Amino acid sequence: MKIAITMLFAIFLILKPISTPSNKCNINTIFQAMPPVIWYEQTIDGKDQPPTLTRFIHNKLNIFSSQMAKCYAYRLDPVDIYRSLGILGLFFWVYFAWAMSQYLNKPLIFAFLLTPFITIFIPDPRIMGYSYKIFASIGFWYFLKRFK
Amino acid sequence: MKKYILVLIILTAAVLRLYHLEKVPPSLYWDEISLGYNAYSILKIARDEHGKFLPVTNFGAFGDYKPPGYIYATVPSIAIFDLTEFAVRFPSAFFGILTVLTVYFLTKKLFVRETIALTAALFLAISPWHLQFSRAAFESNMALFFSTAGIYFFIKFKDKHWYIFPSLICFLTAMYTFTGQRLFVPFILIILGLQFKEEIIKNYKSVLLAILLFLVLFFPLFKFATQTIEGRLRFDEVTIFKDLKPINDSTEERRIDDFKPWANIIHNRRFFFLHEYLINYFDAFNPSFLFFKGDINPRLSPQTVGELYLFDLFLILPGIYFLIKNKHKYALLLFGWILISPLGPATARETPHALRMAHILPTFQIIAALGLASLYSLLRFKKSLIIFLSGIVALSIFSYLHFYYVHYPLEYSGEWQYGYKQMVNYVSPLYPKVDKVFVSDYLGRAYINFLFYLKKDPYEYLKTADVSRDNLFFYNVNSFDKFVFTNNMENFDSGNSLYVSAPGHLPAGTIKLKTVIDLNSYPVFDIGIKP
């Protein structure tokens with residue numbers, strides 16, 4: 001019975017159209033952003049600042065990781081999740097995250113944490129929308145499991 | 001030892017908030033100048049810039065009807081430090097430092113453990129969100145102190161029932177200081193009521209008396225905010241509930257369904273408004289806003305760092321986890337505080353809004369401190385954790401301070417209306433020698449900058465000011481003394497006059513004396529003379 005209800009919920013979620021994310025960053029946009037950001041930030045530091053300090057703060061690795069982290073965070077924007085799943089779906093998506101911390105299901109935790117990262121390398125960011133739906137459905141399943 | 005650590009944290013908070021307070025942010029924004037001059041006016045003649053005697057519910061100012069709290073708090077500051085940038089910003093910095101201390105006491109009350117309280121205070125002391133608001137005259141920052149103190153006293157009410165009085169007085173002061181608090185205080189009182197329902201029932205007499213006092217003191221503000229056009233003006237200006245789009249969308253959907261009765265239910269405009277509201281609500285928890293970019297408005301965030309540090313994320317998540325897992329008795333209060341904070345700001349169009357949501361602030365730091373303490377007790381390599389985390393924290397602060405002191409003033413001086421002071425200082429020695437000074441109002445509210453930087457006597461200003469009020473209830477100062485504020489300078493052709501215009505817009509026949517530039521070398525004003 002629980003499986004049937006979960007399947008129904010999953011179908012309901014999958015049929016809901018995926019909205020285009022508010023930020024469409026990916027690995028290409030990250031590489032595109034790097035040179036102008038480095039140039040801009042180093043210019044503001046000016047020639048009077050010690051070069052070591054400038055290079056320490058505004059180096060490629062720093063900017064690359066900060067752009068990657070931003071892109072990762074954009075994929076966990078609650079507004080995008082809400083737009084793709086609706087309020088109920090968002091609740092079960094959050095519930096999924098909570099259930100993972102409770103049950104310590106390692107494969108699912110890795111999947112949950114790695115999906116936003118992997119999708120950075122996929123040009124179409126709407127792929128994230130499908131992961132929201134899958135995790136929300138699993139969250140719903142975990143929620144049902146609470147009731148005997 | 002722990003007392004010394006607290007002193008050190010408060011000193012750090014003070015240094016971070018007071019160092020170069022008058023220089024970074026690079027200039028006073030018009031709201032700050034307005035707060036400062038109205039406080040100066042109160043100090044000199046006990047009236048605001050419109051001549052109203054000791055206003056209680058609002059200061060007319062530009063027609064934005066500012067709450068009175070910050071202005072009255074600035075009066076002693078101006079009495080001590082004179083009418084300067086430092087004096088205007090000092091109350092915000094001062095209450096910012098006090099908030100750090102209050103968070104220490106509040107966290108100690110919540111979790112008993114001294115180390116969690118000290119960590120929470122330290123996290124707030126170095127918080128980019130709190131520093132941004134403590135270093136400029138933001139009413140919301142002062143209000144944050146009062147709402148946090150109100151929550152602290154409410155928790156103390158559990159021990160001694162009379163603490164309900166200072167608690168409600170603090171909440172009331174918060175509401176008289178920042179409009180955003182008027183949509184926060186009622187909700188946090190509900191959360192506190194739920195958290196302490198047993199104590200409230202036990203001491204119902206004190207509670208009833210305190211509520212009565214609260215209502216009596218709140219009544220003038222309530223009447224102003226609900227019964228007058230001026231009181232509702234700002235809310236009506238920013239709220240999503242006055243937007244036509246959801247209504248148009250609803251009508252369109254119903255039209256497609258031939259306006260059938262069931263279509264009126266499914267495509268009801270209230271659902272469209274609810275959808276907009278929920279989007280705004282969830283925007284408050286946007287990770288990019290919280291941890292990477294901060295508020296989109298450069299006056300509210302340096303843009304290079306989130307409202308919180310990235311390391312906060314790795315402490316907040318375990319903090320939330322342990323708060324739920326251990327079924328902590330104040331979990332309701334902390335989660336309730338976080339969840340209700342965006343309820344008010346979500347009614348406005350611009351979200352996420354760091355300023356309107358500032359009352360959420362200490363919750364993240366408190367939860368991060370709990371997260372750190374819990375991780376510390378769990379992990380085997382305690383020293384390594386502390387050394388690693390100290391390194392990360394030090395790097396984060398260093399990077400933030402570099403961006404704040406080196407990049408921020410250069411990149412965003414225009415956002416802080418840099419140039420007004422430089423322009424007034426240039427005009428000041430020439431002004432006695434000319435008959436008129438024509439000033440372009442293209443950047444808005446030029447008059448208040450002249451009043452402030454020339455330290456104009458408020459009484460003299462009131463005698464000569466020509467003020468009109470437009471149909472949106474905004475005040476426009478057309479002229480005072482020798483100054484005329486206009487965007488049509490060409491219409492005023494007068495000899496022996498100074499002209500201050502937008503770059504490249506001096507009237508024909510004017511000899512250009514100077515171009516005022518901002519810190520990014522963009523021209524802000526042209527100053528010229530017509531002999």
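Predicted model only: the values in this text are computed from it and were never measured. Numbers given for residues are sequential positions, taken from 1 along each chain in its written order. The naming scheme follows written order: chains are lettered A onward, ligands numbered 1 onward. Owing to the predicted nature of the model, reporting of local features is limited to residues with pLDDT of at least 70; listing and counting of side-chain atom pairs is limited to 80 or more, with chain, interface and lining totals taken over all residues. For side-chain calculations, the full set of non-hydrogen atoms in the structure is used, while hydrogens and water are omitted.

## A word on the overall build of chain A
In step 1: Counting from the N terminus, the helices are DSSP H or I runs at least four residues long and the strands are E runs at least two residues long. Per the secondary structure count, chain A includes 7 helices and 0 strands.
In step 2: The helix and strand sequence of chain A, counted from the amino end, reads α-α-α-α-α-α-α.
In step 3: Relative to the 2.2 N^0.38 estimate, which gives 15 Å for 148 residues, the radius of gyration of chain A is 20 Å and therefore markedly larger than a compact globule would have.
In step 4: In terms of overall dimensions, chain A has a C-alpha envelope of 70 × 30 × 20 Å along the principal axes.
In step 5: Throughout this description, buried means an accessible area under 20% of the type-specific maximum (1.4 Å probe, protein chains only), exposed means over 50%, and partly exposed covers the range between. Within chain A, the fraction of its 148 residues that count as buried is 43%.
In step 6: Any two residues whose heavy atoms approach within 4.5 Å are treated as being in contact. Within chain A, residue pairs in contact and separated by at least 24 positions form 81% of the contacts whose partners lie at least 6 positions apart.
In step 7: Only the protein chains shown count as cover for residues, and all accessible areas are computed by the Shrake-Rupley method using a 1.4 Å probe. If you sum the accessible surface of chain A, you get close to 8,500 Å²; carbon and sulfur atoms cover 71% of it.
In step 8: Counting rule for charge: Lys and Arg are taken as positive, Asp and Glu as negative, and neither His nor the chain ends is counted. Taken as the charge location is NZ of Lys, CZ of Arg, CG of Asp or CD of Glu. Between the mean site of the 15 positive side-chain charges and the mean site of the 6 negative ones, chain A shows a separation of 17 Å. In this setup the radius of gyration rests on C-alpha atoms only. A globule is expected at 2.2 Å times the number of residues raised to 0.38.

## Examining the interface of chain B and chain A
In step 1: The interface of chain B with chain A comprises 22 residues on the first partner and 24 residues on the second.
In step 2: The buried area of a pairing is the accessible area, by a 1.4 Å probe, that goes missing from both parts when the two are put together, added over both. Taken together, the two surfaces of chain B and chain A that pack against each other cover about 2,100 Å², and 75% of this comes from carbon and sulfur.
In step 3: Residues adjacent in sequence count toward polar contacts only when both atoms are side-chain atoms; beyond that, a polar contact is any pair of N or O atoms within 3.5 Å, and within protein one must be able to donate a hydrogen and the other to accept it. Counting the contacts that link chain B with chain A gives 8 residue pairs in polar contact (both at pLDDT 80 or more).
In step 4: In terms of residues, the side of chain B that touches chain A owes the most to one element, helix H20 (residues 382-412) of chain B, which gives 8 residues.
In step 5: As a working rule, the residues Ala, Val, Leu, Ile, Met, Phe, Trp, Tyr, Cys and Pro are called nonpolar, Asp, Glu, Lys and Arg charged, and the rest polar, with Gly in that last group. Split into classes, the residues belonging to the side of chain B that touches chain A amount to 13 nonpolar, 5 polar and 4 charged.

## Here's the deal with the packing of aromatic side chains
In step 1: Ring geometry is summarised as follows: Phe, Tyr and Trp rings, the Trp one being its six-membered ring, pair when their centres sit within 6.5 Å, and such pairs are stacked at plane angles under 30 degrees, edge-to-face over 60 and tilted between the two. Applying the stated rule across the entire model yields 72 aromatic pairs over all chains.
In step 2: Seen from their ring centres, Tyr103(A) and Tyr142(A) are 5.0 Å apart, and the 25° between their planes marks the pair as stacked. Pair noted here: Tyr103(A) is in helix H5 (residues 78-103) and Tyr142(A) is in helix H7 (residues 127-145), with a separation of 39 residues, a long-range link.
In step 3: Assessed through its relative accessible area of 45%, Tyr103(A) is described here as partly exposed.
In step 4: The interplanar angle of 80° and the centroid separation of 5.0 Å between the aromatic rings of Phe81(B) and Phe86(B) together place this pair among those described as edge-to-face.

## What to know about the side chain of His130(B)
Residue and element names in this part refer to chain B.
In step 1: Along the chain, histidine 130 turns up in helix H6 (residues 128-134).
In step 2: With relative accessibility at 0%, the residue histidine 130 sits in the buried group.
In step 3: One polar contact links histidine 130 to asparagine 141, side chain to side chain, over a distance of 3.3 Å.

## Quick notes on the state of the cysteines
Residue and element names in this part refer to chain A.
In step 1: Disulfides are defined as pairs of cysteine sulfur atoms found within 2.5 Å of each other. Inspection of the entire model under this criterion finds 1 disulfide over all chains.
In step 2: With its sulfur 2.0 Å from that of its partner, cysteine 25 forms a disulfide with cysteine 71. Around the S-S axis, the bridge from cysteine 25 to cysteine 71 shows a dihedral of about 110° and counts as right-handed. Of this pair, cysteine 25 sits in the loop between helix H1 (2-15) and helix H2 (27-45) while cysteine 71 sits in helix H4 (residues 60-74), and the two are 46 residues apart along the sequence. As far as burial versus exposure is concerned, cysteine 25 and cysteine 71 are alike and both buried.

## Quick look at the confidence of the model for chain B
Detailed reading of the predicted coordinates is not advisable wherever pLDDT falls low.
In step 1: Known as pLDDT, the predictor's confidence for each residue is given on a scale from 0 to 100. When pLDDT is averaged across chain B, the result is 93; 100% of the residues are at 70 or more.
In step 2: Quick note on the complex model: pTM equals 0.92, ipTM equals 0.85.

## Quick look at the sheet that holds strand E6 (residues 511-517) of chain B
Residues and elements named next belong to chain B.
In step 1: Here the rule is simple: two strands pair whenever DSSP picks up at least two bridges between them. Taken together, 7 strands build an open sheet; the order of strands is E2-E3-E4-E1-E5-E7-E6 and the sheet is mixed. The sheet is open, and its two borders are formed by strand E2 (466-469) and E6, each paired with just one other strand. Averaged over all pairs of adjacent strands, the angle between their axes in this sheet comes to 20°, without regard to strand direction. Fitting a line to C-alpha atoms yields each axis, with helices limited to the stretch in contact; the angle taken between N-to-C directions then spans 0 to 180 degrees.

## Remarks on the nonpolar core
In step 1: What we call a nonpolar core is a set of buried Ala, Val, Leu, Ile, Met, Phe, Trp, Tyr and Cys residues that are connected through their side-chain atoms within 4.5 Å. Counting residues in hydrophobic clusters, the biggest one holds 151 residues, and the most contacted among them are Trp129(B) and Met423(B).
In step 2: Discounting chain neighbours no more than four positions away, the residues touching Met423(B) are Val439(B), Phe450(B), Val500(B), Val516(B), Phe525(B) and Ile527(B).
In step 3: Residues Leu13(A), Met100(A), Leu144(A) and Ala346(B) belong to the second largest nonpolar core, which totals 29 residues.

## Observations regarding the packing of helix H9 (residues 185-195) of chain B against helix H18 (residues 331-340) of chain B
Residues and elements named next belong to chain B.
In step 1: For the pair H9 and H18, interaxial distance at closest approach is 10 Å and the crossing angle is 165°. One finds that H9 runs roughly antiparallel with respect to H18. Note on packing geometry: the crossing formed by H9 with H18 is right-handed. The segment H9 lies against H18, with Phe187, Ile188, Ile191, Leu192, Leu194 and Gln195 engaging Leu332, Leu333, Gly336, Trp337 and Ile340.
In step 2: For the contact of H9 with H18, the per-class residue count stands at 9 nonpolar, 2 polar and no charged. Note that the term roughly parallel is reserved for angles under 35 degrees, roughly antiparallel for angles over 145, roughly perpendicular for angles of 65 to 115, and oblique for everything else. For a crossing to be left-handed, the near helix must be turned anticlockwise from the far one by less than a right angle; the clockwise case is right-handed.

## A closer look at a nonpolar patch on the surface
Residues and elements named next belong to chain A.
In step 1: Residues form patches when they are more than 30% accessible in relative terms and have no salt bridge. Like charges link within 9 Å. Nonpolar side chains (Val, Leu, Ile, Met, Phe, Trp, Tyr) link within 5 Å. Criterion for a salt bridge: a side-chain nitrogen of Lys or Arg within 4 Å of a carboxyl oxygen of Asp or Glu. A cluster of nonpolar side chains, namely Phe110, Leu114, Phe117, Ile118 and Phe121, defines an oily patch on the protein surface of about 490 Å² accessible area.
In step 2: Topologically, phenylalanine 117 is positioned in helix H6 (residues 106-119).
In step 3: Residue class for phenylalanine 117 comes out partly exposed when judged on its relative accessible area of 34%.

## Topic: the pattern of salt bridges
Any two side chains of opposite charge can pair, given that their charged atoms come close.
Residues and elements named next belong to chain B.
In step 1: Tallied over the full model, the rule gives 15 salt bridges over all chains.
In step 2: Among the ionic pairs, arginine 89 bridges to glutamate 32, the shortest N-O distance being 2.9 Å. Placement of the pair is arginine 89 in helix H4 (residues 85-111) and glutamate 32 in helix H2 (residues 30-45), with a sequence separation of 57 residues.
In step 3: A residue is classified by how much of its surface remains accessible, and glutamate 32, at 3% relative accessible area, is buried.
In step 4: One salt bridge connects lysine 66 with aspartate 64, and the closest N-O pair in it is separated by 2.7 Å.

## Thoughts on the pairing of strand E3 (residues 475-480) of chain B
All names here are of chain B.
In step 1: Where E2 lies against E3, 4 bridges are found, and the strand directions are antiparallel. From the neighbouring strand, valine 467 faces E3, where its bridge partner is valine 477.
In step 2: In the sheet, E3 pairs with strand E4 (residues 483-486) via 2 bridges, with the strands oriented antiparallel. By the bridge assignment for E4, phenylalanine 480 is matched with phenylalanine 483.
In step 3: Between E3 and the antiparallel strand that follows it, E4, lie 2 residues; aspartate 481 among them carries a positive phi value of about 50°.

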